[in-house]
Amino acid sequence: MGLFSKKNSDTNPSANPTTSSSLKIKVTNDGAAYTFLLDGRLDTLTSPGLEGKVGEVIDDAGKLIFDLEKLDYISSAGLRVLLGAAQAMDGKGEMVVRNLSQDVRDIFDLTGFSLMFNIE
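Now for a quick tour of the structure.

Cut-offs and rules
- Residues numbered from 1 in each chain as written.
- Predicted model: local features only at pLDDT ≥ 70, side-chain atom pairs only at ≥ 80, totals over all residues.
- Heavy atoms only, no water.
- Axes fitted to C-alpha atoms, helices over the stretch in contact; angles between N-to-C directions.
- Helix = DSSP H or I, 4+ residues; strand = E, 2+ residues; numbered from the N terminus.
- Parallel < 35°, antiparallel > 145°, perpendicular 65-115°, else oblique.
- Left-handed = near helix turned anticlockwise from the far one by under 90°.
- Contact = heavy atoms within 4.5 Å.
- Phe/Tyr/Trp six-rings, centres within 6.5 Å; stacked < 30°, edge-to-face > 60°.
- Buried < 20%, exposed > 50% of the residue type's maximum accessible area, 1.4 Å probe, protein only.

1. Some remarks on the packing of helix α1 (residues 47–57) against helix α2 (residues 76–89)
- As a packed pair, α1 and α2 sit with axes 9 Å apart at the nearest point and diverge in direction by 15°. When the interaxial angle is binned, α1 and α2 end up roughly parallel. Like other packed secondary-structure pairs, α1 and α2 cross with a definite hand, here right-handed. Of α2, the residues touching α1 (which contributes S47, L50, E51 and V54) are A77, G78, R80, V81 and A85.

In structure tokens, the structure reads:
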């Protein structure tokens with residue numbers, strides 16, 4: 001099963017209100033460009049929710065934009081979702097990551113992800 005294979009949304013741990021992690025995901029689109037506004041923490045508990053949202057639009061997307069202005073934290077699980085999105089867009093469109101807070105930028109820099117993505 002691939003990273004963006006259709007999954008049952010009932011298995012999404014971020015939908016559980018008792019978890020301490022939370023991530024709000026707002027998706028907007030302008031033609032084939034989809035923007036994901038992330039607010040909260042992108043970690044092991046919340047990354048399946050983002051993965052599912054990306055999976056819903058990836059076939060129609062010509063451009064993916066991840067706006068991380070309100071993202072407080074990103075774990076390796078969150079980085080994996082972004083990497084999977086970039087790989088899915090390779091050869092078919094563009095992916096942009098924008099508005100990184102200093103804490104999130106530090107994680108991107110430490111992991112080398114700042115060299116892998118188009119960051120605005």
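2. So, the packing of aromatic side chains
- Per the stated rule, a full pass over the model turns up four aromatic pairs.
- On the basis of an interplanar angle of 55° and a centroid distance of 6.0 Å, the ring pair of F108 and F117 is categorised as tilted.
- Take F108: its relative accessible area is 0%, and that puts it in the buried class.
- Taking relative accessible area as the criterion, F117 reaches 10% and is therefore assigned buried.
- Between F113 and F117, the aromatic rings sit 5.6 Å apart at their centres with planes inclined by 50°, giving tilted as the arrangement. Exposure class is identical for F113 and F117. Each is buried.
- Through successive ring pairs, a cluster of aromatic residues spans F108, F113 and F117.

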